[in-house]
Each structure stands twice: as C-alpha cells, then as structure tokens.
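Secondary and tertiary structure notes
Each chain, written out:
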Amino acid sequence: TQLLEQSPQFLSIQEGENLTVYCNSSSVFSSLQWYRQEPGEGPVLLVTVVTGGEVKKLKRLTFQFGDARKDSSLHITAAQPGDTGLYLCAALETGSARQLTFGSGTQLTVLP
Amino acid sequence: DTEVTQTPKHLVMGMTNKKSLKCEQHMGHRAMYWYKQKAKKPPELMFVYSYEKLSINESVPSRFSPECPNSSLLNLHLHALQPEDSALYLCASSQHGRASNQPQHFGDGTRLSIL
C-alpha cells in the first residue's frame, strides 16, 4: 500500500498570511490529486498533477509535483476565510481497480 | 452543486434498525465507491464497484451490504450497526479506463448517527 503523509495536520492562520501544505511518499506516482472538503460537503477536486516538476496555478493556489513524482505541495497566497477546509492529497494505486489513496489531511482554518 | 447525489443527507437510527443509503450519478461513470469518513480525517475506502460488479471490499463488516442495481445507482444497506459506525458516508464515481489521472467525483455524503 502506498502511504501519503501530509503536513501539517492542523494549521490556523490569520487572513492575508501565506501557507504551504506538503504531501510526501516514498512511492512514485503517475499522478496526484488535491481535494478540498468544506464542512457538510464531499471532497471537491482542485487539481491533478501528472508531470514531474509540474506547477499549476488556481487563482491564489499554487500546486507543485516533485521532480521525482514522490511528493507535492500546495501553496496558498494571502489566505482568506473562504479557504478554510480539509485539504487532501490523493493518488491512485497501481492495478486494475481505480482505488484512491488519500493523505492524512490538513485541516486549515483562516481567521478573519 | 455536486453531480453525485446522495440521500438522505442525515440519518439517525437505532442499533436494531434496517436502513439504506442511496447514491446516484448520471455522468456515465462505470466505477462507483463507498467511503466512510470520521471528523477531520481522510475518507476510508469501503467498497468499489466496477461495471456494476463488486471489485473491492476492504474487509468491511457484514452489517454493511452494498448493492449496485445499475450503472447509475449505488446503495448501501445497513443493519444492526454499532455506535462506532456513526460517520459521514461518501459516495463517489469515476470513469473506468486505463488512465490513472481520472478524478473521483464525490457526493456530499450522508451523516449517519447510531443511537
């Protein structure tokens, strides 16, 4: 089983601050996904990264896939209270079944 | 709005009750999933259906019984649940194919409370 470790587990910051969430593994992935889950809702896909070294931007969110495709980071610039939620990285296990392995999650709280 | 619809949104049941959770998607996806999620933790995979056939059962107790009547519907039948089964139950779907970067689309879940 491929293990995805996220850090930090909890993060509480003031509005306007920057932050970075990390997702690490000893395994190589063909792709990696980031989801955000808000209270009372299911996870929503933010981005999929496929190529080693790839950087994708989604407004104030910047996602990077490590050169060796073993790790990824999510950087948020000028965080807003609306960014509050549980951030999950996830990768597909190899094999015929489409089984998604989730990271341990980062609970982000942005205070106004 | 999510393209995966789950009903009911909330369910409270006693340990001797029988109830069912329902999930529906009309995106033509051929893989569907049930997850269990505790507060502030990642979802834990329970079952995977691929082309209406059960392909993965992650050692889930028999008091949870999945059913896939057709490619658009997925049910989870519940019987004799325990208090520790209280959680958010999420349904998801994805296209079935060889590409490894296909995302899963999640419903908003059913919040289940066992008394």
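Look above for the structure.
Because the structure is predicted, anything quoted here is derived from the model rather than measured. (Residues numbered from 1 in each chain as written. Chains lettered and ligands numbered in written order. Predicted model: local features only at pLDDT ≥ 70, side-chain atom pairs only at ≥ 80, totals over all residues. Heavy atoms only, no water.)

What follows covers the packing of aromatic side chains. Within this structure, the stated rule accounts for eight aromatic pairs over all chains. A centroid spacing of 5.7 Å and a plane angle of 90 degrees characterise the contact between Tyr35(A) and Phe106(B), whose relative ring orientation is edge-to-face. Residue Tyr35(A) is located in strand β4 (residues 32–37), and its partner Phe106(B) is located in strand β10 (residues 105–106); the two belong to separate chains. Across this residue pair, the class does not change: Tyr35(A) and Phe106(B) are buried. Taking 5.8 Å as the distance between ring centres and 80 degrees as the angle between the ring planes, the aromatic pair formed by Phe102(A) and Tyr35(B) counts as edge-to-face. Placement of the pair is Phe102(A) in strand β10 (residues 100–102) and Tyr35(B) in strand β4 (residues 31–37), with the two residues belonging to separate chains. The pair Phe102(A) / Tyr35(B) is uniform in exposure class, with both members buried. Counting every residue linked through ring pairs, the aromatic cluster contains Tyr35(A), Phe102(A), Tyr33(B), Tyr35(B) and Phe106(B). (Phe/Tyr/Trp six-rings, centres within 6.5 Å; stacked < 30°, edge-to-face > 60°. Helix = DSSP H or I, 4+ residues; strand = E, 2+ residues; numbered from the N terminus. Buried < 20%, exposed > 50% of the residue type's maximum accessible area, 1.4 Å probe, protein only.)

Let us now look at the environment of Phe10(A). Mapped onto the elements, Phe10(A) comes out in strand β2 (residues 10–14). It is 24 Å that separates the C-alpha atoms of Phe10(A) and Arg69(A), two residues lying 59 residues apart in sequence. Filtering out sequence-adjacent residues up to four positions away, Phe10(A) remains in contact with Gln107(A) and Lys40(B). (Contact = heavy atoms within 4.5 Å.)

All names here are of chain B. Mapped onto the fold, Gln25 is located in strand β3 (residues 18–25). We classify Gln25 as buried; its relative accessible area is 1%. Within the local environment of Gln25, its side chain forms a polar contact with the backbone oxygen of Ser71, the two atoms lying 3.0 Å apart. (Polar contact = N/O pair within 3.5 Å; in protein donor to acceptor, adjacent residues only side chain to side chain.)

Once that is clear, we can look at the interface of chain A and chain B. Taken together, the 26 residues of chain A in the interface contact 26 residues of chain B. Both faces combined, the contact of chain A with chain B buries some 1,900 Å², and carbon together with sulfur accounts for 56% of it. Between the two partners, chain A and chain B, sit zero salt bridges. Scanning the region where chain A abuts chain B turns up three residue pairs in polar contact (both at pLDDT 80 or more). Among the elements of the structure, β4, β5 (44–49), β9 (85–92) and β10 of chain A are those that each provide at least two residues to the side of chain A that touches chain B. (Buried area = accessible area lost by both parts, 1.4 Å probe. Salt bridge = Lys/Arg side-chain N within 4 Å of Asp/Glu carboxyl O.)

Here the focus is the sheet that holds strand β8 (residues 71–76) of chain A. All names here are of chain A. Ordered by their spatial adjacency, five strands build an open sheet running β1-β3-β8-β7-β6, and the pairing between neighbours is antiparallel. What marks the edges here is a single partner per strand, and that holds for β1 (5–7) and β6 (55–58). Averaged over all pairs of adjacent strands, the angle between their axes in this sheet comes to 15 degrees, without regard to strand direction. Across six bridges, the pairing between strand β3 (residues 19–24) and β8 is antiparallel. Counterpart to Thr20 in the pairing with β8 is His75. (Pairing = 2+ DSSP bridges. Axes fitted to C-alpha atoms, helices over the stretch in contact; angles between N-to-C directions.)

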